[in-house]
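Close look at the chain arrangement
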Amino acid sequence: MNDYAKQFMLLLMSEKCYDNYFVDLDFLDVDCFKALLSKGLGMGIIAGSVLVKVPQIAKILRNKSAKGINLFSVCLDLFAITIHMAYSFVSGFPFSAWGDTSFLALQTAMIAYLVLHFGGAPVKAVAFGAVYSAVTYVLMGGLTPLNYLLIAQGFNVPILLLGKLSQAYTNYKNGSTGQLSAVTCFMLLAGSLARIFTSIQETGDQMMIITYGCSSFANAVIVLQLLYYWNAGKKSSSGKSSPKKASKAKAKAKKSD
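Residues numbered from 1 in each chain as written. Predicted model: local features only at pLDDT ≥ 70, side-chain atom pairs only at ≥ 80, totals over all residues. Heavy atoms only, no water.

Filter applied, for reference: UniProt positions are given in the numbering used here, feature names are shortened, and annotations may be inferred rather than shown by experiment.
The chain carries the name Mannose-P-dolichol utilization defect 1 protein homolog in an unreviewed UniProt entry, which gives Aedes albopictus as its organism. Quoted verbatim from the Subcellular location (unreviewed entry) heading of the UniProt record, the comment on the chain is "Membrane". Quoted verbatim from the Sequence similarities (unreviewed entry) heading of the UniProt record, the comment on the chain is "Belongs to the MPDU1 (TC 2.A.43.3) family."

Notes on the UniProt feature "transmembrane region" (unreviewed entry) in the chain
Counted only if it meets this: Labels follow the DSSP assignment, with helices taken as runs of H or I lasting at least four residues and strands as runs of E lasting at least two, numbered in each case from the N terminus.
Under the present numbering, the feature "transmembrane region" (unreviewed entry) in UniProt falls on residues 69-89, 95-116, 177-197 and 209-230. Split by type, residues 95-116 is 100% helix and 0% strand. Its first and last C-alpha atoms lie 31 Å apart. Its end C-alpha atoms 29 Å apart, residues 177-197 is made of 76% helix and 0% strand.

Examining the pattern of salt bridges
Heads up, the condition is: The term salt bridge refers to a side-chain nitrogen of Lys or Arg lying within 4 Å of a carboxyl oxygen of Asp or Glu. Note on classification: 1.4 Å probe, protein chains only; a residue is buried when its accessible area is under 20% of the maximum for its type, exposed when over 50%, partly exposed between these limits.
Applying the stated rule across the entire model yields four salt bridges. Among the salt bridges present, the one from Lys39 reaches Glu202, with a minimum N-O distance of 3.5 Å. Here Glu202 lies in helix H10 (residues 182-202) and Lys39 lies in helix H3 (residues 30-49), a separation of 163 residues in the sequence. Glu202 matches Lys39 in its accessibility class, with the two residues each being buried. Notably, a salt bridge pairs Arg195 with Asp100, separated by 2.8 Å at the nearest N-O pair. Of the two residues, Arg195 sits in helix H10 while Asp100 sits in helix H6 (residues 95-118), which places them 95 residues apart along the sequence. Since its relative accessible area comes to 5%, Asp100 is described here as buried. The structure contains a network of salt bridges with shared partners spanning Lys53, Asp77 and Lys164.

What about the packing of helix H5 (residues 71-91) against helix H7 (residues 122-140)?
Rule in force here: Orientation is described by axes fitted as lines to C-alpha atoms, over the contacting stretch for helices, and by angles from 0 to 180 degrees between their N-to-C directions. Put simply, angles under 35 degrees are roughly parallel, angles over 145 are roughly antiparallel, angles from 65 to 115 are roughly perpendicular, and the rest are oblique. Two helices that cross are described as forming a left-handed crossing if the nearer one is turned anticlockwise from the farther one by less than a right angle, and a right-handed crossing if clockwise. For this analysis, residues touch if any pair of their heavy atoms sits within 4.5 Å. Gly falls in the polar group here, along with every residue not listed as nonpolar (Ala, Val, Leu, Ile, Met, Phe, Trp, Tyr, Cys, Pro) or charged (Asp, Glu, Lys, Arg).
Viewed as axis vectors pointing N to C, H5 and H7 meet at an angle of 25°, and their least axial separation amounts to 9 Å. It follows that H5 is roughly parallel to H7 by the angle criterion. In terms of crossing hand, the pair formed by H5 and H7 is right-handed. Of the residues in H7, those in contact with Leu78, Thr82, Ile83, Met85, Ala86, Phe89 and Val90 of H5 are Phe128, Tyr132, Thr136, Leu139 and Met140. Here the residues of the contact of H5 with H7 are counted per class, giving 10 nonpolar, two polar and no charged.

Some details on the side chain of His84
By the element assignment, His84 lies in helix H5. Among all residues touching His84, those that are not within four sequence positions of it are Thr101, Gln153, Asn156, Met208 and Tyr212.

Focus: the packing of aromatic side chains
For clarity, the cut-off: Pairing of aromatic rings covers Phe, Tyr and Trp, the last through its six-membered ring, and needs centres within 6.5 Å; plane angles under 30 degrees mean stacked, over 60 mean edge-to-face, and all others mean tilted.
Going through the model one piece at a time under the given rule, you end up with seven aromatic pairs. Between Tyr18 and Phe22, the aromatic rings sit 4.9 Å apart at their centres with planes inclined by 40°, giving tilted as the arrangement. Note that Tyr18 and Phe22 are positioned in helix H2 (residues 15-22) at a spacing of four residues, about one turn of the helix. The class for Phe22 is partly exposed, based on a relative accessible area of 43%.

Side note on the nonpolar core
Heads up, the condition is: Buried Ala, Val, Leu, Ile, Met, Phe, Trp, Tyr and Cys residues form a nonpolar core when they are joined through side-chain atoms within 4.5 Å.
Core analysis: the largest hydrophobic core is formed by 31 residues, its most contacted members being Ile60, Ile69, Leu78, Ala105, Ile111 and Phe128. Looking at this core, the elements with two or more residues in it are helix H4 (54-63), H5, H6, H7, helix H8 (146-154) and helix H11 (206-256). Of all the elements, H6 adds the most residues to this core, at nine residues. Setting aside anything within four residues of it in sequence, one finds Ile111 in contact with Lys53, Gln56, Ile57, Ile60 and Val74.

Next up, the structure:
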């Protein structure tokens, strides 16, 4: 039983940190605490990423509409996620540092498929799924050299910002966030913020740290839009109800006269 417990703990920390905590009973080792926190956050983010975009997918399926969702933005987001996933996988980074991107890629591809499908292009949706599967295999199946992936990773920051901010522009132009899921947007923001810390601790890769920093900024813009349009919607609905109340009050006044 002790061996199983040790093997489990070694998934979260190094042998040195295990000895510090459970042999020497030294619980004040700052470096080990940071490493353990980073690993725990990484595992938590991966667990959360399994469902992070499910509310968005469910909302589209429930309403049978993808109105307000910018396909260009979704495709750019998918490109950035896929390149990041392939770069991390081929570089040999620990799964806890990038595993969430595998689930995000699958769910983002599903959203792109649904946008095409409910946009009246089911054949294009099927073709998109086939092409994306083939591209993913080429990137992660050892057919693409690491230096090419590194170059592509360098383009991730402007692509990611362009994709997210084009969605923000669509929201601004429509005066609402349409079928965007608030749960998904808040979870994406929390995950990208936590990934800055885990990238510093587990990989030290400057490109990954910059990418997650920019992702956090772009996700924050969309979350702020969600809050703004939600509050604006509440004000407009209360404004519409007040004239009705006023007319009822006038009608009562006339009857009393």
